[in-house]
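So you can see what is in the structure, the chains are spelled out below.
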Amino acid sequence: MISDDQAEQFFRSGHTNNWAVLVCTSRFWFNYRHVANTLSVYRSVKRLGIPDSHIVLMLADDMACNPRNPKPATVFSHKNMELNVYGDDVEVDYRSYEVTVENFLRVLTGRIPPSTPRSKRLLSDDRSNILIYMTGHGGNGFLKFQDSEEITNIELADAFEQMWQKRRYNELLFIIDTCQGASMYERFYSPNIMALASSQVGEDSLSHQPDPAIGVHLMDRYTFYVLEFLEEINPASQTNMNDLFQVCPKSLCVSTPGHRTDLFQRDPKNVLITDFFGSVRKVEITTETISLQQYSEMESSYKEDQMDEELMEPLKYAEQLPVAQIIHQKPKLKDWHPPGGFILGLWALIIMVFFKTYGIKHMKFIF
Amino acid sequence: MGLLSDPVRRRALARLVLRLNAPLCVLSYVAGIAWFLALAFPPLTQRTYMSENAMGSTMVEEQFVGGDRARSFARDFAAYRRKSGALPVAWLERTMRSVGLEVYTQSFSRKLPFPDETHERYMVSGTNVYGILRAPRAASTESLVFTVPCGSDSTNSQAVGLLLALAAHFRGQIYWAKDIIFLVTEHDLLGTEAWLEAYHDVNVTGMQSSPLQGWAGAIQAAVALELSSDVVTSLDVAVEGLNGQLPNLDLLNLFQTFCQKGGLLCTLQGKLQPQDWTSLDGPLQGLQTLLLMVLQQASGRPHGPHGLFLRYRVEALTLRGINSFRQYKYDLVAVGKALEGMFRKLNHLLERLHQSFFLYLLPALSRFVSIGLYMPAAGFLLLVLGLKALELWMQLHEAGVGLEAGGGPGPSAPLPPAQGVGLASLVAPLLVSQAMGLALYILPVLGQHVATQHFPVGEAEAVVLTLLAIYVAGLALPHNTHRVVSTQAPDRGWMALKLVALIYLALQLGCIALTNFSLGFLLAATMVPAAALTEPHGPRPLYAALLVLTGPAATLLGSLFLWRELQEAPLSIAEGWQLFLAALAQGVLEHYTYGALLFPLLALGLYPCWLLFWNVLFWK
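Residues numbered from 1 in each chain as written. Chains lettered and ligands numbered in written order. Predicted model: local features only at pLDDT ≥ 70, side-chain atom pairs only at ≥ 80, totals over all residues. Heavy atoms only, no water.

## Some words on the packing of aromatic side chains
Residues and elements named next belong to chain B.
- This structure, assessed with the given rule, holds 35 aromatic pairs over all chains.
- Summarising the aromatic geometry, the rings of Tyr 471 and Tyr 607 are spaced 5.1 Å apart at their centres and angled 25 degrees between planes, so their arrangement reads as stacked. Of this pair, Tyr 471 sits in helix α13 (residues 459-475) while Tyr 607 is found in helix α20 (residues 598-617), placing the two residues 136 residues apart along the sequence.
- Since its relative accessible area comes to 11%, Tyr 471 is described here as buried.
- Assessed through its relative accessible area of 1%, Tyr 607 is described here as buried.
- One aromatic cluster in this structure is built from Phe 146, Phe 170, Tyr 175, Trp 176, Phe 182 and Phe 343. (Phe/Tyr/Trp six-rings, centres within 6.5 Å; stacked < 30°, edge-to-face > 60°. Helix = DSSP H or I, 4+ residues; strand = E, 2+ residues; numbered from the N terminus. Buried < 20%, exposed > 50% of the residue type's maximum accessible area, 1.4 Å probe, protein only.)

Structural data, given as structure tokens:
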């Protein structure tokens, strides 16, 4: 007989669906490796079960068909052309000049014009685990988007806070592979975020895999070793986040990868890689029946939960449309305050003048 | 009261300046020369580095193996050329088409102002042949040029062979994002100039050329190759272009990295690279290379087809294969691989080369001096002129103060009477020397036919001799101008003239130094001491000799000797004189055919200025 502890354990991680937002912020031929990075993570994430409908892929996509590519329609991630990560079924959602800071923030926060097709939306809810992977050229506190604009770490942190307030994620894993990547997660303040970066502030993330036949570097070091690590994960593996933190030590990566887990509520050793990189497919076939509690007991426990809830501070949405300020209505009833000192002083002055004019002897009738 | 408006303090300041002026001038001049000589030494010279991100490292795989094909093409070209005497246009067209390029020709003709004795040509007509390799998957918006100049003196047949073999190899690759134009020009630089003018649809030099039939987009970079032997021991690179323009330093860095990658021996100005920069030998060798580059840049000649490309802001280099008596030789495959690597890296460019320096000096192939570090040398030299002018101004004002019987003239006193008369006497020398300059510029070429009728000389000789004659005639003038002006020109008049001449010289040299630092510095180094020292009092023969020796013509003669001395092929006096005459003719010719500016600058700008100093010297 399976107890409800085991049934509880079945839903331990708290998420019911997985999303991935994979962003490559560079364009131009000499940034081949950033596209290869993103496509490698895309490949792993698809292989582990997240479907295209749950992946938002933002790429400049000017590598495969670039006139300089000696192997057209391919993007390789290993030299000697072992692995073509472009493949036949890449679905790029935001392509070329659509990869902008505005589009990225709109995808994250959901403030998207109604005409946007479904494939370009992040339709996550409060039970979604989201993987956000970003790569490109970055600096201390910013990430460069396509050579024309930047996103700062504060904007990113605010976007995540908007996501939290709009209940758009359950847990979030943020991975960034740029120079000085750790600066991008310094400012996060929303709960349930775990972050990994390829280098600390003041360090450069280095490229890997120089390929003379193609003429460019094919991958960045950190993502190369992350990809190697992910190639060994299958949907059923029990590898946890602590192993991911060990990927690419300084001896291999030259830069020092960093991570941040203080905002995350679970212990990283209890977090499976497939919680973020794979898709939830929790099916357990059992021939036995599970005996759950009676409905009434469950109801009372439910009521207890409800009362606990009421003791917490009520959550409400921030006032989005301050009508009062717009229509200049009278403010509502406020508490009574004694008159201001000015009026008091003015009255005192008037009284003093009165008594001065008409004689001080009248004052003794008052006091 | 303020320092400059208080007459007492002003007089004290003037006295201070006048007392300190001579040592300051000497110090400044010495500082300028010393700064220039120190440019070859480590703190002022830096290692070169690749600034363009798109070109990155030399991470390409060169696959060129067409050495035999190149040699067979070269033999055929040489044979056809010997047979026809001119460029074998039909054969070139056929071969380029068989290799797979789109072939076009362009004919051009030019009547030179007078016969060119070094190249033995007068009425030039020829045909350029060029083939375009279209980028397979890109729009033809940008292009690269690979050019081989073919003239009568250097056949460059191996270069043509390598061009054709490389074209065949490039045609088989699919990674070209820019079109590549393979250009073979006739009559060396005249053909290149005709092609460039037709390509950019301008007419700067009066060349008559047929319009082009095929275009390929804006040219991003160009490489010219001169190769006349099957094997080479080293590759020499030429960077100085027309009027002292230089290509972007990144192109040179690119060449140098591929030299290192292929293990080729690469030289600059024909000199090997010094290895040891910590001891004294390396920097001294660097100084020799630097001086050679300064002399070449100052001459303003295009030292190869690349010099003409620079005018259109197309970064270009000329590579020359040298076959000397060294033991280790490289064949055409090695040269071809280096070129292939360069073109493949240039293919990665997204914008024109603009990240690295445009103005620099090169003590070695891997070391450079940027403009911020070499400009103070010219500044120090021009400071001497400024100080001298200041001193003269003070002296003139003191004279004016003295004449007004010691009263305090206001700060805005009108010109004292001495200066008033001086002004009138200034106009005449200025006009006369400018007129002499104009005569020097116009008369030689204009009057060559008249000269040949009356004297038994050829046209080129007539031009050169007329030049020299007018130059020397200018020296005879001062006595005449003095008599033209009223004889009661006061003693101080020469000061005003010298002041104007100093300012004029400083302005000219300053402007020249900004665009062509080498020319500006060279002229400043020679003319500034003479200009500063010249005065009517004092040892007149000595000053006269100094002025003559530092005049533009003597500077040219001296620099020719210095140039050959640095190239370790010293000249005897007779040879030097012949070379000097040839250089004069070439200078005038290049002004008319390519638009070189050295001749007009010297004739219309510096020679009149120099004559003014001559006037000052012979004021009495």
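## Side note on the UniProt feature "transmembrane region" (unreviewed entry) in chain B
- In the numbering used here, UniProt assigns the "transmembrane region" (unreviewed entry) feature to residues 20-41, 357-385, 421-442, 462-478, 499-522, 542-563 and 595-618 of chain B.
- Taken end to end, residues 499-522 of chain B is 96% helix and 0% strand, and its first and last C-alpha atoms sit 22 Å apart. (UniProt positions renumbered as here; feature names shortened; annotations may be inferred.)

## Notes on the pattern of salt bridges
- Under the definition given, this model contains 26 salt bridges over all chains.
- If you follow the salt bridges from partner to partner, you end up with Lys46(A), Asp52(A) and Asp89(A) in one network. (Salt bridge = Lys/Arg side-chain N within 4 Å of Asp/Glu carboxyl O.)

## Overview of the interface of chain A and chain B
- Taken together, the contact between chain A and chain B spans 18 residues of the former and 18 residues of the latter.
- Roughly 1,400 Å² is buried in total at the junction of chain A and chain B, and carbon and sulfur atoms are behind 61% of that figure.
- Area buried by chain A at its contact with chain B is led by Phe30(A), Pro67(A) and Arg68(A), which between them contribute 44% of it.
- The interface formed by chain A and chain B includes zero salt bridges. (Contact = heavy atoms within 4.5 Å. Buried area = accessible area lost by both parts, 1.4 Å probe.)

## Re the nonpolar core
- Membership of the largest hydrophobic core comes to 185 residues, with the highest contact counts inside it found for Leu162(B), Trp195(B) and Phe255(B).
- At 13 residues, α20(B) tops the list of elements feeding residues into this core.
- Setting aside residues no more than four positions away along its own chain, Trp195(B) makes contact with Gln106(B), Asn128(B), Tyr130(B), Val145(B), Ile181(B), Leu183(B), Leu212(B), Ile219(B) and Phe309(B).
- Within the second largest apolar cluster, 52 residues are counted, among which are Leu59(A), Tyr86(A), Tyr133(A) and Leu230(A). (Core = buried A, V, L, I, M, F, W, Y, C linked by side-chain atoms within 4.5 Å.)

## Observations regarding the packing of helix α2 (residues 32-47) of chain A against helix α5 (residues 221-231) of chain A
Residues and elements named next belong to chain A.
- It is the contact of α2 with α5, at a shortest axis distance of 10 Å, that shows an interaxial angle of 15 degrees. In terms of orientation, α2 lies roughly parallel with respect to α5. For the pair α2 and α5, the crossing hand works out as left-handed. Note on element contacts: α5 touches α2 through Thr 223, Leu 227, Leu 230 and Glu 231, opposite Asn 37, Ser 40, Val 41, Arg 43, Ser 44 and Arg 47.
- For the contact of α2 with α5, a count of residues per class yields three nonpolar, four polar and three charged. (Axes fitted to C-alpha atoms, helices over the stretch in contact; angles between N-to-C directions. Parallel < 35°, antiparallel > 145°, perpendicular 65-115°, else oblique. Left-handed = near helix turned anticlockwise from the far one by under 90°. Nonpolar A, V, L, I, M, F, W, Y, C, P; charged D, E, K, R; others polar.)

## Thoughts on the pairing of strand β2 (residues 102-116) of chain B
Residue and element names in this part refer to chain B.
- As paired elements, β2 and strand β3 (residues 121-133) share 11 bridges and run antiparallel to each other. The residue bridging Ser 109 from the neighbouring strand is Ser 125, located in β3.
- In textbook terms, the turn of a hairpin is the stretch between consecutive antiparallel strands, and for β2 and β3 this stretch comprises four residues, one of which, Glu 120, has a positive phi near 55 degrees.
- As judged from the two bridges shared by β2 and strand β6 (residues 208-209), these two strands associate in the antiparallel manner. Its bridge partner lying in β6, Ser 109 is registered against Gln 208. (Pairing = 2+ DSSP bridges.)

## Notes on the state of the cysteines
- Following the criterion strictly, the structure yields two disulfides over all chains and no others.
- Disulfide pairing is shown between Cys248(A) and Cys253(A); the S-S distance is 1.5 Å. Handedness of the Cys248(A)-Cys253(A) disulfide follows from its S-S torsion of about 90 degrees: it is right-handed.
- The exposure class assigned to Cys253(A) is buried, which follows from its relative accessible area of 1%.
- Note that Cys259(B) is cross-linked by a disulfide to Cys266(B), the S-S spacing being 1.8 Å. Disulfide Cys259(B)-Cys266(B): torsion about the S-S bond near -80 degrees, hence left-handed. Neither Cys259(B) nor Cys266(B) differs from the other in exposure class; each is buried. (Disulfide = S-S within 2.5 Å.)

## Let's talk about the UniProt feature "active site" (unreviewed entry) in chain A
All names here are of chain A.
- Under the feature "active site" (unreviewed entry), the UniProt entry names His 137 and Cys 179. Despite a sequence span of 43 residues, these residues sit close together in the fold, their greatest C-alpha distance being 6.4 Å.
- Not counting residues up to four positions away in its chain, the partners in contact with His 137 are Thr 25, Ser 26, Asn 31, Arg 33, His 34, Leu 143, Lys 144 and Thr 178.
- A distance of 2.8 Å separates a polar atom in the side chain of His 137 from a polar atom in the side chain of Asn 31.
- For Cys 179, the location among the structural elements is in the loop between β8 (171-177) and β9 (193-197).
- The class of Cys 179 is buried, set by a relative accessible area of 19%. (Polar contact = N/O pair within 3.5 Å; in protein donor to acceptor, adjacent residues only side chain to side chain.)

## A short note on the sheet that holds β8(A)
All names here are of chain A.
- Pairing within the open sheet is mixed, and its seven strands lie in the order β3-β2-β1-β4-β8-β9-β12. Either end of the sheet is taken by a strand with one partner, and the two such strands are β3 (94-95) and β12 (258-260).
- With three bridges connecting them, β9 and β12 associate as antiparallel partners. If you follow Ala 197 over to β12, its bridge partner there is Gly 258.
- Relative to the sheet, α2 contacts β1 (17-24), β2 (55-59), β4 (128-135) and β8, its axis offset from that of β2 by approximately 165 degrees.
- Across the sheet, α5 is in contact with β4, β8 and β9; its angle to β8 comes to roughly 130 degrees.

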